[in-house]
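The chain contents come next:
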Amino acid sequence: MDVDTVRSWLGKHKLRAVGTVWASSLLGSFAYNFSQPYMKTSVKLIHARLHAQALTLAALTGCALVDYYDRQNRDKTKQSEKHIQSVCSTNTTREQVLIVDMLP
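Quantities reported herein were computed from a predicted structural model and do not represent experimental measurements. (Residues numbered from 1 in each chain as written. Predicted model: local features only at pLDDT ≥ 70, side-chain atom pairs only at ≥ 80, totals over all residues. Heavy atoms only, no water.)

### A short note on the overall build of the protein chain
For step 1, the next point in the chain: Helices and strands together make up the secondary structure of the protein chain, namely 4 helices and 0 strands.
For step 2, the next point in the chain: Counted from the first residue to the last, the protein chain has its helices and strands arranged as α-α-α-α.
For step 3, the next point in the chain: Split into buried and exposed, the 104 residues of the protein chain put 17% on the buried side.
For step 4, the next point in the chain: When contacts within the protein chain are restricted to residue pairs at least 6 apart in sequence, long-range pairs at least 24 apart make up 41% of them.
For step 5, the next point in the chain: Only carbon and sulfur atoms are counted for the fraction: they give 64% of the accessible area of the protein chain, which is about 8,100 Å². (Helix = DSSP H or I, 4+ residues; strand = E, 2+ residues; numbered from the N terminus. Buried < 20%, exposed > 50% of the residue type's maximum accessible area, 1.4 Å probe, protein only. Contact = heavy atoms within 4.5 Å. Areas by Shrake-Rupley, 256 points an atom, 1.4 Å probe, with all protein chains shown as cover.)

### A few points about helix α2 (residues 14–33)
For step 1, the next point in the chain: Spanning 20 residues, α2 covers 28 Å between terminal C-alpha atoms, matching the ideal 28 Å at 1.5 Å per step.
For step 2, the next point in the chain: Residues Ala 17, Val 18, Ser 25, Leu 26, Ser 29 and Asn 33 constitute the buried set of α2. Seen from one end, α2 has its buried residues packed into an arc of 160 degrees, which puts them on one side. Residues Arg 16, Leu 27 and Ala 31 are exposed on α2 and point more than 90 degrees away from its buried face. (Expected span 1.5 Å × (residues − 1). Arc of directions from axis to C-beta.)

### Digging into the packing of aromatic side chains
For step 1, the next point in the chain: Tallied over the entire structure, the rule returns 1 aromatic pair.
For step 2, the next point in the chain: Ring centres of Phe 30 and Phe 34 lie 6.0 Å apart, and the angle between their planes is 50 degrees; on these two criteria the pair is classed as tilted.
For step 3, the next point in the chain: Residue Phe 30 is classed as partly exposed on the basis of its relative accessible area of 26%. (Phe/Tyr/Trp six-rings, centres within 6.5 Å; stacked < 30°, edge-to-face > 60°.)

### Considering the side chain of Ser 29
For step 1, the next point in the chain: Summarising the element assignment, Ser 29 is placed in helix α2.
For step 2, the next point in the chain: By relative accessible area, which is 6% here, Ser 29 ends up buried.
For step 3, the next point in the chain: Each residue touching Ser 29, except ones within four places of it in the same chain, is listed here: His 47, Ala 48 and His 51.

### Quick look at the pattern of salt bridges
For step 1, the next point in the chain: One pass over the structure, following the stated rule, counts 1 salt bridge.
For step 2, the next point in the chain: Residues Asp 67 and Arg 71 are paired through a salt bridge, measuring 3.1 Å at the closest nitrogen-oxygen approach. Pair noted here: Asp 67 and Arg 71 are both in helix α3 (residues 41–88), with a separation of 4 residues, about one helical turn.
For step 3, the next point in the chain: Judged by its relative accessible area of 21%, Asp 67 falls in the partly exposed class. (Salt bridge = Lys/Arg side-chain N within 4 Å of Asp/Glu carboxyl O.)

### Concerning the confidence of the model for the protein chain
Interpretation of the predicted coordinates at a detailed level should be avoided for regions scoring low in pLDDT.
For step 1, the next point in the chain: Residue-level pLDDT values for the protein chain average 76, and 71% of them are 70 or greater.
For step 2, the next point in the chain: Confidence, read as mean pLDDT per element, is least for helix α4 (residues 94–102) in the protein chain (55) and greatest for α2 (84). (pLDDT = per-residue confidence, 0-100.)

Below is the structure:
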């Protein structure tokens, strides 16, 4: 699986990804905490909720970073397209523009 594929999927399904992380972390934490015989039930529930909350915040932060990265790339793409259009308006081909832009 490619990183761009994962980033694209996360960009389209942010809430689904965060909800899945929350549910799986809650269930995993419940399973772990209920295997500990020395803790009271109320403490097990509190720990499970705290673990799920921490992982959910991490997932939300990750989704925010993906969204920020997408917006930054979208702006750069728009700027480069405007540049190519302005240069191409002087009767040059797109390939010529790309070659000139690659030169140092």
